[in-house]
Each structure stands twice: as C-alpha cells, then as structure tokens.
Amino acid sequence: MSGWATYPSLEGRVVVVTGGATGIGAAIVEGFAAQRAQVVFLDVQEDAAADLSGRLQKDGLKPPVFFSCDLTLADQLQETVSKILSRFGMVDVLVNNAANDARHSVDEVTPESWDQMMAVNLKHQFFMTRAVVPAMRRAGRGSIINMSSISWVIPSTGVPVYVTAKAAIVGLTRTLAHELGGDNIRVNCVMPGAIATERQRRLWLTEEYKAEVLKRQALKRLIEPEEVARLVLFLASDDSAAITNQSYVIDGGWV
Ligand SMILES: NC(=O)c1ccc[n+]([C@@H]2O[C@H](COP(=O)([O-])OP(=O)(O)OC[C@H]3O[C@@H](n4cnc5c(N)ncnc54)[C@H](O)[C@@H]3O)[C@@H](O)[C@H]2O)c1
C-alpha cells in the first residue's frame with residue numbers, strides 16, 4: 001500500500017473486521033495489516049480466509065487472526081467476541097462489514113427469508129457492537145464503522161430486503177453515535193456505490209451493467225475495494241477523532 005497514507009495511531013490497535021475473507025472486507029483486512037494493526041477477522045469462508053492470511057504473510061505483513069463464525073448465530077457471535085477479548089483484552093476498532101446481497105424479488109420474500117436476510121445484513125452489526133462496547137468503554141475510546149450502501153438512496157431494485165437493511169444501518173449508526181459518544185466511542189458509516197469486487201465481477205458486473213455504472217458515475221472508471229478500505233482506515237484512525245454520526249458515500253459520484 002505504499003504511496004497511501006500511514007496512520008501511526010493504527011499501529012498495534014486491535015481491529016475486528018466481519019466478513020473479512022473476501023471482497024471489500026479482505027481489502028480492509030489487508031489495509032489494516034499494512035498499518036501494522038493487530039487484525040482479527042471473522043467469516044464463514046474458511047478457505048478464502050486461509051488464502052488471504054497466506055497472501056498477507058507472504059507479503060511480509062503481520063498475520064491476521066481468523067475466527068470462523070456465522071454471524072447470524074447469536075451464540076457463535078458472542079462466543080467469538082469472548083475469545084477475541086480473552087486473547088487480546090481489547091477491541092479498538094470494529095468494522096461491521098459482513099453482508100449478503102443475493103438477489104430476491106418482492107414476490108419471493110417469505111417471513112423466514114426476511115428474517116434470514118435481516119440477520120445477515122443488519123442484526124449482527126448491532127450485536128457485534130454491543131459485544132465489544134464494554135471493552136471500548138474500559139479503554140475510553142473506540143471506532144466503529146458500519147458498512148451500508150448507496151443502494152437505498154438510488155434506490156436499487158431486485159434486492160428489497162438487503163436495501164431495507166442497508167438503510168437501517170444509517171439510522172443504527174446515528175443512534176449509536178449518540179448512545180456511545182459520551183464514552184469517546186465513535187460510530188460512522190460507509191456507503192459504497194458499485195465496487196468491483198471479485199464477486200461483483202463474477203455475478204453481476206456484466207458489460208451492460210458496467211456501461212450503466214460508468215454512465216451514472218462522474219468518474220468513468222470502476223471503483224476498487226482498496227479505495228473503500230482507505231476511507232475505513234481514515235475513520236478508524238485518530239486523524240478522524242472528531243468525526244462521528246456520519247455516513248460517507250464512496251461511489252465515484254453516482255447520480
Ligand atoms: N461490492 C459492492 O459493490 C458494495 C456496494 C455497496 C455496499 N457494499 C457493502 O460493503 C460490504 C462488503 O461488500 P462486498 O461486496 O465485499 O461483499 P461480499 O459478499 O463480497 O463479502 C461479504 C463477506 O461477508 C461474509 N459473510 C456473509 N455471510 C456471513 C455470515 N453469516 N457470517 C460471517 N460472514 C459472512 C462472506 O463470506 C464474505 O466474505 C457489505 O456490507 C456490502 O453490503 C458493497
């Protein structure tokens with residue numbers, strides 16, 4: 001990541017990234033590792049997690065610690081946070097990144113699939129936050145970054161429950177910023193546009209969709225996961241110490 005900002009305040013900080021094995025989450029894991037933070041990441045994709053750890057180690061970066069955890073399961077989530085706290089004693093930064101944007105039509109949503117999509121896209125952001133807050137309170141500081149999306153502003157179609165969850169994350173961010181601000185815990189939100197992750201390229205980024213993206217964006221190029229990671233690094237660092245309650249759009253100027 002040479003050529004980009006280095007944040008001395010991130011060195012040695014314990015950073016937890018959910019859904020860190022692939023996509024934007026993996027770029028965030030790599031970004032914090034390059035800042036010499038102690039990165040811990042959670043995911044259900046164990047092979048991808050091992051590949052990422054191996055790659056970072058080969059690049060000479062501090063190896064991140066991986067926990068296999070299905071964040072939709074409350075007990076697993078709580079157990080994993082307990083393991084992190086008993087190993088590191090602290091969580092300085094939490095990036096609530098895990099999600100699933102599987103396509104679904106209005107007609108096919110059932111009460112059960114609604115609950116499942118809310119569990120994977122929204123619920124864990126609240127419960128991860130609540131699980132790490134006592135440690136942040138004891139330390140007298142913390143930075144929490146919630147991944148939302150511009151999908152609810154555009155608004156996107158074909159993913160109504162996902163879009164609803166992503167809108168709720170902005171509200172969650174704002175109320176928690178005020179609940180926790182007195183403890184010097186900051187809560188901010190990042191709203192990416194169309195980011196060219198490996199999954200997006202494989203599943204949705206057809207030539208036709210790419211043309212639509214470039215037409216809607218002011219910048220006539222695809223936005224990369226590493227560019228989102230750099231915004232997250234800033235929000236995690238002490239350089240953004242006065243910033244909380246905010247939602248940052250990173251979308252190449254989508255209209
Ligand atoms: N890529 C984009 O264009 C885009 C646009 C707007 C917002 N976002 C948001 O950015 C974040 C990252 O997006 P992405 O495109 O990298 O997503 P992705 O689907 O590529 O990766 C999400 C990660 O979360 C993990 N995950 C899914 N369910 C999980 C579970 N139950 N428990 C633990 N881990 C689980 C996946 O295994 C995966 O590694 C998400 O919050 C997404 O909503 C992405």
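Before reading further, recall that the structure is shown in the block above.
Residues numbered from 1 in each chain as written. Predicted model: local features only at pLDDT ≥ 70, side-chain atom pairs only at ≥ 80, totals over all residues. Heavy atoms only, no water.

Draft legend 1. How the structure looks around the packing of helix 1 (residues 23–34) against helix 8 (residues 225–236). At a closest axis distance of 8 Å, the pairing of helix 1 and helix 8 adopts a crossing angle of 55°. Compared by their axis directions, helix 1 and helix 8 come out oblique. In terms of crossing hand, the pair formed by helix 1 and helix 8 is right-handed. For the pair formed by helix 1 and helix 8, the contact residues are Gly 23, Ile 24, Ala 27, Ile 28, Gly 31 and Phe 32 on the first element and Pro 225, Glu 226, Val 228, Ala 229, Val 232, Leu 233 and Ala 236 on the second. For the contact of helix 1 with helix 8, the class distribution of residues is ten nonpolar, two polar and one charged. (Axes fitted to C-alpha atoms, helices over the stretch in contact; angles between N-to-C directions. Helix = DSSP H or I, 4+ residues; strand = E, 2+ residues; numbered from the N terminus. Parallel < 35°, antiparallel > 145°, perpendicular 65-115°, else oblique. Left-handed = near helix turned anticlockwise from the far one by under 90°. Contact = heavy atoms within 4.5 Å. Nonpolar A, V, L, I, M, F, W, Y, C, P; charged D, E, K, R; others polar.)

Draft legend 2. Up close: the site of the ligand. Taken together, the neighbourhood of the ligand is formed by 27 residues, with Thr 22, Ile 24, Asp 43, Asn 97 and Tyr 162 sitting nearest. Taking Leu 71, its main chain carries an N or O atom lying 3.0 Å from a nitrogen atom of the ligand. The contact in question runs from an oxygen atom of the ligand to an N or O atom on the backbone of Gly 193, over 3.3 Å. Considering the ligand on its own, with 830 Å² of exposed area, one finds that the protein chains cover 92% of that surface. When contributions to the shell around the ligand are tallied by element, the ones reaching two or more residues are helix 1, helix 5 (160–180) and helix 6 (198–203). For the shell around the ligand, the per-class residue count stands at twelve nonpolar, eleven polar and four charged. (Near = heavy atom within 4 Å. Polar contact = N/O pair within 3.5 Å; in protein donor to acceptor, adjacent residues only side chain to side chain. Areas by Shrake-Rupley, 256 points an atom, 1.4 Å probe, with all protein chains shown as cover.)

Draft legend 3. Main features of the pairing of strand 2 (residues 38–43). Burial runs high along strand 2: six of the six residues are buried. Burial of the side chains of strand 2 extends over both faces: Gln 38, Val 40 and Leu 42 are buried on one face and Val 39, Phe 41 and Asp 43 on the other. Here strand 1 (residues 14–18) runs beside strand 2; their pairing, made up of five bridges, is parallel. Counted as the bridge partner of Thr 18 is Leu 42 from strand 2. Note: strand 2 against strand 3 (residues 65–68), four bridges, orientation parallel. (Buried < 20%, exposed > 50% of the residue type's maximum accessible area, 1.4 Å probe, protein only. Pairing = 2+ DSSP bridges.)

Everything listed is a geometric property; what it means functionally is a separate question.
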